[in-house]
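# Architecture at a glance
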Amino acid sequence: MAEAVAQSKKIKFIVTRQDAPDAQPYTEEFEIPYRPNMNVISALMEIQRNPINSGGKDTSPVCWESNCLEEVCGACSMVINGKPRQACTALVDKLEQPISLAPMKTFPIVRDLVINRERMFDALKRVKAWIPIDGTYDLGPGPRMAETKRQWAYELSKCMTCGVCLEACPNVNDKTSFIGPAPISQVRLFNAHPTGEMNQDERLEALLDDGGIEGCGNSQNCVRSCPKEIPLTTSIAEMNKDTTKLMFKRWFKM
C-alpha cells in the first residue's frame with residue numbers, strides 16, 4: 001500500500017531556464033514520479049530521461065553540471081528554493097514543494113543551470129593560490145607544518161571552489177570587482193604553508209589592490225552558506241590584519 005502511494009506521488013519543479021548566454025530567462029514546470037531518498041540531481045536526471053513539462057509538451061532536457069555526487073567537486077552549485085547550495089546533497093524529502101531551481105546569478109549563465117565560473121578562477125590566479133615549486137626533479141621532503149597550524153589549515157583546504165560563498169555575498173556582483181571570500185581564505189591557507197609563506201607578500205599585495213579585501217562588507221553571508229563550514233570570516237579577519245601590517249611596512253619601509 002505504501003509503495004503504491006509512493007509511486008503515485010509527484011514532485012513538482014519550477015526551473016529557471018535560459019537557452020543561451022544572451023537569451024531571456026524563463027521558467028518551466030516539471031512533474032516527476034516520487035522515489036524515496038531522491039536528491040535534486042536524480043530528479044534532474046529523470047527530467048533529462050523524459051523531457052516533458054508539466055503541460056505534457058516535449059521540451060529540451062535541462063542543462064546542469066555535476067561530477068562527484070558527494071559534495072566534493074563543487075560543480076552542481078545552484079539556487080534551490082532561493083538558497084545557493086549543492087544539488088547532490090539537496091534531498092527532495094527535506095525541500096518544500098514546489099522546488100525551485102535557478103542558476104547562481106553572480107556568474108554569467110551559459111545555459112539553464114550551467115554557469116561560467118571564470119571570475120572565481122581568475123581571482124584564484126590573481127592571489128597566486130598555489131605553492132610555487134620550480135623544476136620537475138625530486139626536491140626531497142619539505143619543511144614540516146606545526147600540528148596546531150595544520151589542523152586549522154586543513155579546514156581551509158576543504159574549499160571546493162563551488163562558488164556558493166560568492167553567490168551569497170552581496171558585495172560580489174557585476175558592478176564590483178571584489179574577488180570574494182573564497183580567494184581571500186585561500187591566501188590565508190597558502191601563506192600558512194611553510195613553502196608558500198615565501199610568497200606571502202605577493203598574495204597580500206593582491207588583496208590590497210582594487211577589488212581586494214577592502215570590498216568585504218562583513219555581511220557574514222559567506223560563512224553561513226559554505227557547504228563545508230569553512231571559517232571564511234575568520235580568514236578575512238586574519239588577512240585584514242596581515243594586509244594592515246604590510247601597509248605599515250610599506251609606509252615605514254621596514
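The structure reproduced in this document is the subject of the present report. (Residues numbered from 1 in each chain as written. Predicted model: local features only at pLDDT ≥ 70, side-chain atom pairs only at ≥ 80, totals over all residues. Heavy atoms only, no water.)

## As for the overall build of the chain
Note the threshold: The helix count covers DSSP runs of H or I at least four residues long, the strand count covers runs of E at least two residues long, and both are numbered beginning at the N terminus. Relative accessibility thresholds used throughout: buried, under 20% of the residue-type maximum; exposed, over 50%; partly exposed, between the two (1.4 Å probe, protein chains only). Two residues qualify as a contact provided that any one of their heavy atoms is within 4.5 Å of a heavy atom in the partner residue. In these tables, accessible area is a Shrake-Rupley quantity obtained with a 1.4 Å probe, and a residue counts as shielded only by the protein chains included in the view. Asp and Glu are treated as the negative residues and Lys and Arg as the positive ones, with His and the ends of the chain left uncounted. Throughout, a charge is located at the NZ atom of Lys, the CZ atom of Arg, the CG atom of Asp or the CD atom of Glu.
Counting its regular elements, the chain contains 9 helices and 7 strands. Going through the 254 residues of the chain one by one, you find that 42% of them count as buried. Within the chain, contacts between residues at least 6 apart in sequence are counted, and of these 60% link residues at least 24 apart. A total of about 14,000 Å² of accessible surface is found on the chain, and carbon and sulfur atoms cover 51% of it. For the chain, the distance from the average site of its 31 positive side-chain charges to the average site of its 32 negative ones is 3 Å.

## Describing the side chain of Arg188
Stated precisely, the cut-off is as follows: One side-chain nitrogen of Lys or Arg within 4 Å of one carboxyl oxygen of Asp or Glu is enough to make a salt bridge. In protein, a polar contact requires one atom able to donate a hydrogen and another able to accept it; more generally it is a pair of N or O atoms within 3.5 Å, and residues adjacent in sequence count only if both atoms are side-chain atoms.
Take Arg188: it is sitting in helix H6 (residues 181-192). An unpaired buried charge is present at Arg188: no salt bridge exists, and Glu238, the closest side chain of opposite charge, is 5.2 Å distant. Only 3.2 Å separates the side chain of Arg188 from the side chain of Ser235, close enough to count as a polar contact. Excluding its chain neighbours within four sequence positions, the residues that come into contact with Arg188 are Trp152, Leu156, Thr234, Ser235, Glu238 and Met239.

## Overview of the sheet that holds strand E4 (residues 83-86)
Cut-off, in case you're wondering: For two strands to pair, DSSP has to find at least two bridges joining them. Fitted lines through C-alpha atoms give the axes, limited to the stretch in contact for helices. The angle between two N-to-C directions lies from 0 to 180 degrees.
Pairing is mixed in the open sheet, where 5 strands are placed in the order E2-E1-E5-E3-E4. Each of the sheet's edge strands pairs with one partner strand only, and the pair in question is strand E2 (26-33) and E4. Adjacent strand axes in the sheet meet at a mean angle of 35°, parallel and antiparallel pairs treated alike. Strand direction decides the pairing type here: strand E3 (residues 77-80) and E4, joined by 4 bridges, are antiparallel. Within the sheet, the bridge partner assigned to Val79 lies in E4 and is Pro84.

## Points about the pattern of salt bridges
Following the criterion strictly, the structure yields 12 salt bridges and no others. Of the charged contacts, one joins Glu46 and Arg35 as a salt bridge, the two residues approaching to 3.7 Å between their closest N and O atoms. Linking Glu46 in helix H2 (residues 40-49) with Arg35 in the loop between E2 and H2, this pair joins segments that are 11 residues apart in sequence. Classification of Glu46 by relative accessible area gives buried; the value is 14%.

## What to know about empty space enclosed by the protein
Defined as follows: Only protein atoms enter the 1 Å grid, on which a cavity is a set of points fitting a 1.4 Å probe that cannot get out and a pocket is an open set with protein on both sides within 12 Å along at least 5 of 7 lines, lining residues being those with an atom within 4 Å of a point. Grid points are joined across faces, edges and corners, and a volume is the space filled by probe spheres set on the points. Note on residue categories: nonpolar means Ala, Val, Leu, Ile, Met, Phe, Trp, Tyr, Cys or Pro, charged means Asp, Glu, Lys or Arg, and polar means any other residue, Gly included.
Counted under the stated rule, the structure contains 2 cavities of 30 Å³ or more. Around the largest cavity, the lining comprises 14 residues; the ones closest to its centre are Cys159, Met160, Cys162, Cys165 and Cys226. Considered class by class, the residues forming the lining of the largest cavity number 10 nonpolar, 2 polar and 2 charged. Forming the boundary of the second largest cavity are Cys169, Asn171, Phe178, Pro181, Cys216, Gly217, Asn218, Ser219, Gln220, Cys222 and Ile236. Across the lining of the second largest cavity, the residue classes tally to 6 nonpolar, 5 polar and no charged.

Just distances and angles here, no functional claims.
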